[in-house]
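Observations on chain architecture
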Amino acid sequence: MDSDFDSALAGFIRRRLGEVGGLRVEGDARATGGQSRENWPFDLFWEDGEQSHHRRLFLRRDPVGSVLETDRRVEYEVLRRLHDQPVRAPEVVWLDADGSELGRPALVMTRYDGFNDHFILQGGHSQFDEDTRAGIASQMVDLMNEIHVLDWRGAGLHEVLVVPDDPATAAIDEWAAVIEHQSLEPQPVLAMIEQWLRRNRPAPGEITVVHGDIKPGNVLFDGDRVHVLLDWETVHLGDPTEDVGWVTNPLRRAEHQIPGRWEADDLVSAYEARTGQTVDRAALRFWQVLANYKLAAIAMTGVRSFCDGRTQRVWSGAGLLGKVLLAQTEGGLL
Amino acid sequence: MRPTLSEQIEGARKVLVELVAPQVADPYAQEQVTYAAAALEHAAARWPQVLPDLVADIRALEEVLGVEAAALDEAVPGVPDLDAAEDYHRGLRARLTDEIMAAAEPSPEVRAYLSDSIERLK
C-alpha cells in the first residue's frame, strides 16, 4: 500500500481499537479480480496489555471509477445482520461509509482461508475431476437455496433493504435508470429490451433475499468445498427466480455449467428438488434476459468510467451483450 | 502512408505485450496491461473499417426511419468527416430509440437493423 493510504488505514484502525500498543499493518498488494471494488488483504497485529492479537482482514474500497455504484453502508448493515444467520456470508468488521477516513467508502471484513477460482466448474486453476466439479456445482445450488430460505424479517433485513411490491418492475426500473444515467449515447437495442421486459414481466410472488451475483468467482473454496460467498453488494429483496436466471444466463455458461454433465436444465432441476417448488419457465426466461440487461447496465457504467478517465481498465463496448439479448428475446439461447 | 495507423497501433501493442508485460510483477497492473493490449489489437483490426461501416449504418438507419438519404450529405458535405458522421449517426440512433420506446412492439425492420448494426459497429 502507498504511504498515504498506510497512514490513513492506521488512523482508521486506531480510532476503532483505541489506544493499543504495537499496532502493525502488513499487506502490500492490491488483489485482482474485483472490477467494482479495490480489494486489499492485510494482517493486523496489536497488543492489549499482556495479550498479543492478530487478525487476518480484507479491505474493500470503492474505486474512483466503478462498474457498480452501490452503497457500502447497506452492504455493511446486511452483512452485520447475516452474521448469526445460517448462511455462508463473511463477517464484517468495520465501515467507512462516506470515505472520510480512507479516501473512498470502504468495508473491512474478516479474511478467510481458501482460494478463488472463477472457472472451477470448467477446470479452472484447480483442475478437479468431473465428479468433483459436479459436486461443487451441486453445492452452489445449496448455497443459493440457503440464501432464499433465509428468514429476512427475522434477521431484520427489511430495516435496510426495500421490500418491493413488484420485484420484476422494480428490477427493470432500477437497471433502466442506471442505463439512462450512465449511457454516453443512444441505446436502441437496450430500449427494445426494456420494452420486451416490461411486456413479459412475471407477476409478483414470494419475496426472498436475492444475492444478485452468485457465481464461483465470488466464492472462496476450501479444497472442493464451497466455504464463503463474498461480495454482497447487489443483495436485495426480490423474486428468488432472479438468482436462478442469473446462474443459468446462457452468456455465462463457462462459469456455471459443465458441458454434458451439469447444464442449465440440471441446475434448475436441482434447485427445484431443494425447494420443492417448480420454477416458472416464462419467469425464468424473463430473469435470464434481465441478467444480461443488468450486465449491459454494468458495462455502460464501465464504459463511462473509462471515457471519463476514472478507471485504468480499458473498456470496449457491449456489442456481444446486445447480440445475446436480441437472440434471447427472439426465443433463442435459453 | 507507412506505417499506417493500424501498423502503429499494432507496434504499440507489441511493445506492451513483449516488452512491458514481462517486467510487470503487480497482478493488478498485469491485468490492466492485458486489457490495454486487447483494446489495441481490436483498434488495429477495426480502424480501417470504422468510417465505411459507420456510413453503411447511417444508410441503414435512414432507411428504417424513412429519412431522405441526402440528409447525410447535407449534414456532412463531401467526404464524411468521422466526428460529424458520428454526430449525425447519434442523432438518428436517438430518434430510433424514441420510436422504439413509443411503439408497442418493434417492427421486423427495426429488429433486423438492430441485429445488423451490432455486427457493423462492434
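Residues numbered from 1 in each chain as written. Chains lettered and ligands numbered in written order. Predicted model: local features only at pLDDT ≥ 70, side-chain atom pairs only at ≥ 80, totals over all residues. Heavy atoms only, no water.

**Description of the packing of aromatic side chains**
Given two aromatic rings, one states the distance between the centres and the angle between the planes to describe the pair. All names here are of chain A. The cut-off we apply is this: The criterion for an aromatic pair is that two Phe, Tyr or Trp rings (for Trp, the six-membered ring) have centres within 6.5 Å, with stacked assigned to planes under 30 degrees apart, edge-to-face to planes over 60 apart and tilted to the rest. Only DSSP runs of H or I with at least four residues qualify as helices, and only runs of E with at least two residues qualify as strands; both kinds are numbered from the N terminus onward. Relative accessibility decides the category of a residue: with a 1.4 Å probe and only protein chains considered, values under 20% of the type maximum give buried, values over 50% give exposed, and everything between is partly exposed.
Per the counting criterion, the structure on display carries three aromatic pairs over all chains. Here F12 and W94 contribute two aromatic rings whose centre-to-centre distance is 6.2 Å and whose plane-to-plane angle is 85 degrees, an arrangement assigned as edge-to-face. Remark: W94 occurs in strand β4 (residues 92–96) and F12 occurs in helix α1 (residues 3–17); sequence separation between them is 82 residues. With a relative accessible area of 0%, F12 lands in the buried category. Here the aromatic rings of F115 and F221 are separated by 5.9 Å at their centres, their planes lie at 35 degrees, and the arrangement is tilted. One end of the pair, F115, is in the loop between β5 (106–110) and α3 (130–148); the other, F221, is in strand β7 (residues 219–222), with 106 residues separating them in the sequence.

**Here's the deal with the environment of V178 of chain A**
All names here are of chain A. Test applied: In this description, contact between two residues means that some pair of their heavy atoms is separated by no more than 4.5 Å.
One can find V178 in helix α4 (residues 167–182). Separated by 61 residues in sequence, V178 and D239 have C-alpha atoms that sit 20 Å apart. Those residues in contact with V178, other than ones at most four positions away along the chain, are A297 and T301.

**Quick look at the domain arrangement of chain B**
Size of an interface: often given as the accessible area lost when the parts come together. The test is simple: Per the annotation, domain bounds derive from an automatic or database assignment of domains.
Assigned domains of chain B: these are domain 1 (5–48) and domain 2 (49–121). Taking only C-alpha atoms, the centre of domain 1 of chain B and the centre of domain 2 of chain B are 32 Å apart.

**Structural notes on the nonpolar core**
Stated precisely, the cut-off is as follows: To form a nonpolar core, buried Ala, Val, Leu, Ile, Met, Phe, Trp, Tyr and Cys residues must be joined to one another through side-chain atoms within 4.5 Å.
Core analysis: the biggest nonpolar cluster contains 89 residues, and L197, W232, L290 and Y293 of chain A together with L114 of chain B have the highest contact counts within it. Here Y293 of chain A is in contact with I172, W175, A176, I179, L190, I193, E194, L197 and L325 of chain A, once residues within four sequence places are set aside. Formed by 17 residues, the second largest nonpolar core is a distinct cluster that contains V20, F42, L59 and V93 of chain A.

**Topic: the confidence of the model for chain B**
Basically, it comes down to this: You can read pLDDT as the predictor saying how much it trusts each residue, on a scale of 0 to 100.
For chain B, per-residue confidence averages 88 on the pLDDT scale, and 92% of positions sit at 70 or higher. Considering each helix and strand of chain B separately, the mean pLDDT is smallest for helix α3 (residues 70–75) of chain B, with a value of 68, and largest for helix α1 (residues 5–20) of chain B, with 92.

**Regarding the pairing of strand β3 (residues 51–61) of chain A**
Residues and elements named next belong to chain A. The cut-off we apply is this: Any two strands are treated as partners once DSSP identifies two or more bridges connecting them.
The pairing of strand β2 (residues 38–48) with β3 spans eleven bridges and is antiparallel. In the strand pairing of β3, F42 is matched with L57. Bridge count for β3 against β5 is five bridges, and the pairing is antiparallel. Residue pairing across strands places L57 opposite T110, the latter belonging to β5.

**Topic: the interface of chain B and chain A**
Operational definition: We define buried area as the total accessible area lost by two parts upon association, computed with a 1.4 Å probe and summed across both. The salt bridge criterion pairs a side-chain nitrogen of Lys or Arg with a carboxyl oxygen of Asp or Glu, the two atoms within 4 Å. Polar contact is defined as a pair of N or O atoms within 3.5 Å, subject to the rule that within protein one atom must be able to donate a hydrogen and the other to accept it, and that residues adjacent in sequence are counted only when both atoms are side-chain atoms.
The partner chain A presents 23 residues to the 23 residues of chain B that form the contact. Carbon and sulfur atoms make up 63% of the area that chain B and chain A hide from each other, which totals about 2200 Å². Ranking the residues of chain B by area buried against chain A places Y28, R111 and I118 of chain B at the top, with a combined share of 29%. The interface formed by chain B and chain A contains three salt bridges. Its salt-bridge partner being E105 of chain B, residue R199 of chain A comes within 3.9 Å of it at the nearest N-O pair. On the surface where chain B and chain A come into contact, there are five residue pairs in polar contact (both at pLDDT 80 or more).

**Description of the side chain of S6 of chain B**
All names here are of chain B. Position of S6 among the secondary structure elements: in helix α1. The buried category is assigned to S6, whose relative accessible area is 18%. Those residues in contact with S6, other than ones at most four positions away along the chain, are A44, W47 and P48.

**A look at the packing of α1 of chain B against helix α2 (residues 27–65) of chain B**
All names here are of chain B. Heads up, the rule is: Axis definition: a line fitted to C-alpha atoms, over the contacting stretch in the case of helices. Angles run 0 to 180 degrees between N-to-C directions. For classification purposes, angles smaller than 35 degrees are called roughly parallel, those larger than 145 roughly antiparallel, those between 65 and 115 roughly perpendicular, and all remaining angles oblique. Left-handed describes a crossing whose near helix is turned anticlockwise from the far helix through less than a right angle; right-handed describes the clockwise counterpart. All residues other than Ala, Val, Leu, Ile, Met, Phe, Trp, Tyr, Cys, Pro, Asp, Glu, Lys and Arg, Gly among them, are scored as polar; the first ten of these are nonpolar and the last four charged.
At a minimum axis separation of 9 Å, α1 and α2 run at an interaxial angle of 165 degrees. Comparing their axes, α2 and α1 come out roughly antiparallel. Between α1 and α2 the crossing geometry is left-handed. Of the residues in α2, those in contact with L5, S6, I9, E10, A12, R13, L16 and V17 of α1 are V33, A36, A37, L40, E41, A43, A44, W47 and P48. The residue inventory of the contact of α1 with α2, partitioned by class, reads 13 nonpolar, one polar and three charged.

**So, the sheet that holds β3 of chain A**
What holds strands together in a sheet is hydrogen bonding between their backbones, with the strands either parallel or antiparallel. Residues and elements named next belong to chain A. Spatially, five strands are ordered β1-β2-β3-β5-β4 in an open sheet, and the strand pairing comes out antiparallel. Edge positions in the open sheet fall to β1 (21–26) and β4, since each of these has one partner strand only. Between one strand axis and the next, the sheet turns by 25 degrees as a mean value, whatever way the strands run. Where helix α2 (residues 72–82) meets the sheet, its contacts fall on β3, β4 and β5, and the angle it forms with β4 comes to roughly 160 degrees.

**Comments concerning unusual backbone geometry**
A positive phi angle, close to 55 degrees, is found at Q127 of chain A, a residue other than glycine. You can call Q127 of chain A exposed: its relative accessible area is 58%.

**What about the pattern of salt bridges?**
Residue and element names in this part refer to chain A. Evaluated as defined, the whole model comprises 37 salt bridges over all chains. Between R252 and E255 there is a salt bridge, with the nearest N and O atoms lying 2.8 Å from each other. Under the relative-accessibility criterion, R252 is labelled buried at 11%. Note that D308 and R304 form a salt bridge whose closest N and O atoms lie 3.6 Å from each other. Residue class for D308 comes out partly exposed when judged on its relative accessible area of 41%. Accessibility expressed as a relative area gives 24% for R304, which makes it partly exposed. One salt-bridge network, in which partners are shared between bridges, spans R60, D62, R72, E75, D231 and E233.

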